[in-house]
Amino acid sequence: MPDPRAVAVNVAANTNEPGFRGPVYPDGSFAYVPIPEPAATLPRDRFPVDEPLPTYGDLDLPFAVPADLRETPVHADPEFPGVHGRERATYGDPYAVKAGRIAALDPGDWLLFYATLTLRPRDWAEPGDGRPGDSTGDRDGGTDDRDGAWLRERGVAVDDDLAPDWGAYLFAGMRIERVLSGEDGDEESEHVDRAAAERAAPTNAHLKRDPFDARVVVAGDPDASGLFDRVVPLSAPDAGSEANRIVTDLSTDSGKGPWWRRPMAFDAAATGRLLTRIDGV
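Caption draft 1: View of the overall build of the chain. When you go through the chain residue by residue, the secondary structure sums to five helices and 10 strands. Taking 19 Å as the expected radius of gyration for a compact globule of 281 residues, we find that the chain reaches 18 Å, a close match to that expectation. Taking the principal axes of the C-alpha coordinates as reference, the chain spans close to 55 × 45 × 30 Å. Each of the 281 residues in the chain was classed as buried or not, and the buried ones make up 56%. Long-range pairs, those at least 24 residues apart, make up 70% of the contacts in the chain with a sequence separation of at least 6. Of the accessible surface of the chain, which amounts to about 12,500 Å², a share of 46% is contributed by carbon and sulfur atoms. Mean positive and mean negative side-chain charge positions of the chain (30 and 51 charges, respectively) differ by 2 Å.

Structure representation (structure tokens):
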């Protein structure tokens, strides 16, 4: 088989949805926080599987979710076995700019996930707990109340490769078993064939939406997909908005402008180097 390639896409909580980023802790560990479900959903009896729509209160998180969010449904995508009660590795995407990149991948290639995370103390209690660094900036690239350097200033040992406040970090990977795209089905439709998606990835969050809207659906190898033990930074250690060499030297992205919102593709040689870096965390 040819050497694998990879695509990395931005997912997870941000300062628009649900109003805060997930945390990255001083040792590079982190919490994966999905976004709220922004779309209309089917009644439960029309889901492909018999399960409820998860809420923030159902998530396994190391901090308290604000009370006004606990009953809010989440868009549990991507999903990984053993993470937030999920059992499969799947991902769906409705956006053409990301779906086109993902649809070009083959079985054995990698779909990687990154998020913008904010540096937090290990005992961070909850969003809005009044501690320095609470997130109030704009979507995925704004400034927080105070620079996260306050941790270092108080003598907390923070890993040298973490950005001083918010930054973009790879946090999970999915080794692809199957990719479905709109190109595989009805020539008049931009979306994946729903029946095929139900067979390949019945628990994917997009199959709970009304209408079904995924332009691409990925089923991953459950034994080779999941969260990393530690983040892999995409931001430079001195500024979250500055891309590091994984972005500028290995990916197709220029690292200019709001690069932390864009999909990044890696050819086979770059993927080999990136996977070595991930294996070393």
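Caption draft 2: Focus on the nonpolar core. Judged by nonpolar contacts, the single largest core of 34 residues is most densely connected at Y91, L111 and F113. Elements with a minimum of two residues in this core: strand 1 (6–10), helix 1 (96–103), strand 4 (110–119), helix 2 (150–153), strand 5 (166–181) and strand 6 (216–220). Excluding residues within four positions of it along the chain, F113 makes contact with V9, V11, P78, F80, Y91, Y169, L170, F171, A172, G173 and M174. Of all hydrophobic cores here, the second largest spans 23 residues; its members include L112, V247, M264 and A270.

Caption draft 3: Spatial organisation of the pattern of salt bridges. Evaluated as defined, the whole model comprises 18 salt bridges. Between D109 and R5 there is a salt bridge whose closest N-O contact spans 2.9 Å. Residue D109 is located in the loop between helix 1 and strand 4, and its partner R5 is located in the segment before strand 1; the two are separated by 104 residues in the primary sequence. Among the ionic pairs, E79 bridges to R86, the shortest N-O distance being 2.8 Å. Given the relative accessible area of 12%, R86 is considered buried.

Caption draft 4: Spatial organisation of the pairing of strand 6. Most of strand 6 sits inside the fold, with five of its five residues counted as buried. Strand direction decides the pairing type here: strand 5 and strand 6, joined by five bridges, are antiparallel. Bridge pairing links V179 to V218 in strand 6.

Caption draft 5: Fine view of the packing of aromatic side chains. Summed over all chains, the structure comprises eight aromatic pairs. Here the aromatic rings of F80 and F113 are separated by 5.8 Å at their centres, their planes lie at 80°, and the arrangement is edge-to-face. With a gap of 33 residues between them, F80 in the loop between strand 2 (22–24) and strand 3 (90–93) and F113 in strand 4 connect regions that are remote in the sequence. For the pair shown, F80 and F113 are each scored as buried. Between W259 and W260, the aromatic rings sit 5.8 Å apart at their centres with planes inclined by 85°, giving edge-to-face as the arrangement. Both residues of the pair, W259 and W260, belong to the buried class. A connected cluster of aromatic rings, assembled from ring pairs, spans F20, F63 and W124. Here R122 stacks its cationic end above the ring of Y25, 4.3 Å away from the centre of that ring.

Caption draft 6: Quick peek at unusual backbone geometry. Each neighbour pair has its own omega, and for D77 with P78 the value is 5°, a cis peptide bond. Among the structural elements, P78 can be located in the loop between strand 2 and strand 3. At the junction of D210 and P211, the peptide bond is cis and its omega measures out at 5° in the coordinates. For P211, the position within the fold is in the loop between helix 3 (194–200) and strand 6. One non-glycine residue, A12, lies in positive phi territory at about 85°.

Caption draft 7: Broad picture of the confidence of the model for the chain. For the chain, per-residue confidence averages 91 on the pLDDT scale, and 91% of positions sit at 70 or higher. Predicted confidence is poor over residues 135–146, with pLDDT under 50, and the contacts of this stretch with residues over four places away or in other chains come to 42 contacts.

Calculation rules
Residues numbered from 1 in each chain as written. Predicted model: local features only at pLDDT ≥ 70, side-chain atom pairs only at ≥ 80, totals over all residues. Heavy atoms only, no water. Helix = DSSP H or I, 4+ residues; strand = E, 2+ residues; numbered from the N terminus. Rg over C-alpha atoms; globule rule 2.2 N^0.38 Å. Buried < 20%, exposed > 50% of the residue type's maximum accessible area, 1.4 Å probe, protein only. Contact = heavy atoms within 4.5 Å. Areas by Shrake-Rupley, 256 points an atom, 1.4 Å probe, with all protein chains shown as cover. Lys, Arg positive; Asp, Glu negative; His and termini not counted. Charge placed at Lys NZ, Arg CZ, Asp CG, Glu CD. Core = buried A, V, L, I, M, F, W, Y, C linked by side-chain atoms within 4.5 Å. Salt bridge = Lys/Arg side-chain N within 4 Å of Asp/Glu carboxyl O. Pairing = 2+ DSSP bridges. Phe/Tyr/Trp six-rings, centres within 6.5 Å; stacked < 30°, edge-to-face > 60°. Lys NZ or Arg CZ within 6 Å of the ring centre and 35° of its normal. pLDDT = per-residue confidence, 0-100.

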